[in-house]
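Read off the chains here:
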Protein chains: 2
Amino acid sequence: MAAKPIFLRSNTIPAILMSLKDALHWRYAPKRMTGATVAPQHIEAILRAAQYAPSSMGLQPFSLILVQDTAVKALIKPIAYNQPQIAEASHLLLFCAYTQLTQQHIDTYLQQIISVRGVSAESLAAFRGSMMRFAQTSSSEQIAHWAANQAYIALGFALAEAALLGVDVTPMEGFDKAALDKFFQLPSQQLCSVALLAIGHRDEANDFLAKEKKVRKPLAQLVKRI
Amino acid sequence: MAAKPIFLRSNTIPAILMSLKDALHWRYAPKRMTGATVAPQHIEAILRAAQYAPSSMGLQPFSLILVQDTAVKALIKPIAYNQPQIAEASHLLLFCAYTQLTQQHIDTYLQQIISVRGVSAESLAAFRGSMMRFAQTSSSEQIAHWAANQAYIALGFALAEAALLGVDVTPMEGFDKAALDKFFQLPSQQLCSVALLAIGHRDEANDFLAKEKKVRKPLAQLVKRI
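Residues numbered from 1 in each chain as written. Chains lettered and ligands numbered in written order. Predicted model: local features only at pLDDT ≥ 70, side-chain atom pairs only at ≥ 80, totals over all residues.

**With respect to the relation of the copies chain A and chain B**
Piece 1. Expressed as a screw operation, the relation of chain A to chain B combines 0.0 Å of axial shift with a rotation of 180 degrees, fitting to an RMSD of 0.0 Å. Expressed as a symmetry operation, the mapping of one chain copy onto the other fits a two-fold axis. For chain A, the minimum C-alpha distance to the rotation axis belongs to G156(A) and amounts to 2.3 Å.
Piece 2. Of the residues that chain A buries at the interface, 100% are likewise interface residues in chain B, meaning the two copies contact each other through the same surface. (Least-squares fit on C-alpha atoms with pLDDT ≥ 70 in both. Contact = placed C-beta atoms within 7 Å.)

If you want it as structure tokens, here you go:
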């Protein structure tokens with residue numbers, strides 16, 4: 001096990017932290033958290049990492065719900081089978097995937113490209129065509145899985161950034177998706193919940209897994225080289 | 001746009017590089033690469049990031065194929081609609097997801113936990129039960145999607161590590177999945193291809209997107225706060 005790295009827990013996010021390798025050895029998914037609040041600038045950095053994740057065609061077919069409200073966390077807890085870190089987390093971050101890809105999504109995105117890059121709509125016509133064809137030829141199930149995949153890349157980025165900042169996060173799929181969708185009225189927004197990230201501080205004293213060694217497939221087993 | 005950061009391209013992987021924020025502004029998905037070889041220690045770091053990604057129940061239901069062989073890359077190129085970065089990449093990394101979760105997968109994993117943590121099989125009986133119930137009550141389609149989601153977290157980690165190392169990577173879903181599955185004989189291994197990562201060096205001179213500004217949903221649009 002890597003020794004616990006030293007973090008710069010200053011009020012500004014330090015520009016240089018530690019290698020991802022060290023961070024990934026330090027991180028684990030706490031089953032218990034202390035309830036302490038995570039600094040706002042760390043929350044923002046985690047959100048920005050998810051924001052900057054690449055996505056298929058750049059469409060970012062997902063959205064995020066950040067919950068800090070104690071009462072709302074308490075209402076989510078039974079939906080997540082009463083796992084304690086739901087209420088003990090400082091923040092919950094719900095990753096929601098599109099269940100549809102509409103012409104409006106595509107045109108909003110193109111408008112953003114036009115505005116950021118100062119290009120013409122005409123120059124994006126072929127790109128628009130290929131996105132529209134993808135939207136029209138994919139079943140709603142295919143769209144939902146495609147969108148969930150993109151959300152999981154962003155989840156990976158959020159997890160990596162949290163580790164680099166020394167913030168504890170637990171990615172969670174163990175919740176009643178239909179109930180959480182209903183709780184946040186996701187179906188009417190053409191969204192569905194895919195994963196929850198509990199963001200907080202590990203409670204080592206009460207977490208039987210906190211000190212356990214990491215178990216990972218050896219590279220020789222995980223990777224075939226050609 | 002952030003200025004191009006200075007990388008320490010030494011023979012050893014530097015312990016401290018730059019913040020993920022800077023790295024994520026620097027990175028983009030090159031459409032053209034120079035063909036130059038990426039240093040082996042950077043390839044290993046990217047593999048390790050994928051290896052250390054968290055996964056549902058720790059099962060890591062995916063495997064990776066790393067291709068450096070020029071002839072094999074040339075054979076994959078038409079399967080990926082002749083996108084030039086396939087052959088111009090130094091390495092291709094294919095993420096393959098389980099299409100089944102078998103008792104053998106579960107028991108191999110438990111054996112690894114026993115070996116790494118020095119715990120008894122009895123102490124893992126409840127955990128085994130919950131994994132077996134998940135395997136038995138999920139359809140093969142559900143398993144494939146669940147496994148793909150975990151592979152995408154690992155893809156996110158590989159992308160983040162590459163950015164931190166200043167290595168260019170292009171995540172790609174644009175390939176004929178059935179043809180690539182067949183090429184690597186994945187079905188007989190109960191695997192399917194989910195995403196390709198081209199790893200190399202950006203060719204700015206020939207990539208019309210290399211200098212473009214990043215387009216991302218503003219945080220106010222991406223995140224709802226409660």
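**Looking at the environment of Q60(A)**
Piece 1. Counting through the fold element by element, Q60(A) comes out in the loop between α2 (40-52) and β1 (62-67).
Piece 2. On a C-alpha basis, the gap between Q60(A) and A178(A) in space is 23 Å, while along the polypeptide they are 118 residues apart.
Piece 3. Setting aside anything within four residues of it in sequence, one finds Q60(A) in contact with S55(A), Q150(A), R216(B) and K217(B). (Helix = DSSP H or I, 4+ residues; strand = E, 2+ residues; numbered from the N terminus.)

**Some words on the packing of helix α5 (residues 103-117) of chain A against helix α6 (residues 125-137) of chain A**
Residue and element names in this part refer to chain A.
Piece 1. Interaxial distance between α5 and α6 falls to 10 Å at its minimum, and their mutual angle equals 155 degrees. The angle between α5 and α6 places the two elements in the roughly antiparallel class. In this structure, α5 meets α6 at a crossing whose hand is right-handed. Between α5 and α6, the residues in contact are Q103, I106 and L110 and R128, M131, M132 and A135, respectively.
Piece 2. Looking at side-chain class alone, the contact of α5 with α6 contains five nonpolar, one polar and one charged residues. (Axes fitted to C-alpha atoms, helices over the stretch in contact; angles between N-to-C directions. Parallel < 35°, antiparallel > 145°, perpendicular 65-115°, else oblique. Left-handed = near helix turned anticlockwise from the far one by under 90°. Nonpolar A, V, L, I, M, F, W, Y, C, P; charged D, E, K, R; others polar.)

**Description of the interface of chain A and chain B**
Piece 1. The interface of chain A with chain B comprises 56 residues on the first partner and 56 residues on the second.
Piece 2. Within the residue set of the side of chain A that touches chain B, elements represented by two or more residues are α1 (20-26), α2, β1, α5, α7 (140-165), α9 (219-222) and β5 (223-225) of chain A.
Piece 3. Among the residues making up the side of chain A that touches chain B, the classes are represented as 34 nonpolar, 10 polar and 12 charged.
Piece 4. Note that β1(A) and strand β5 (residues 223-225) of chain B share three bridges and pair parallel. In the strand pairing of β5(B), L66(A) is matched with R225(B). (Pairing = 2+ DSSP bridges.)

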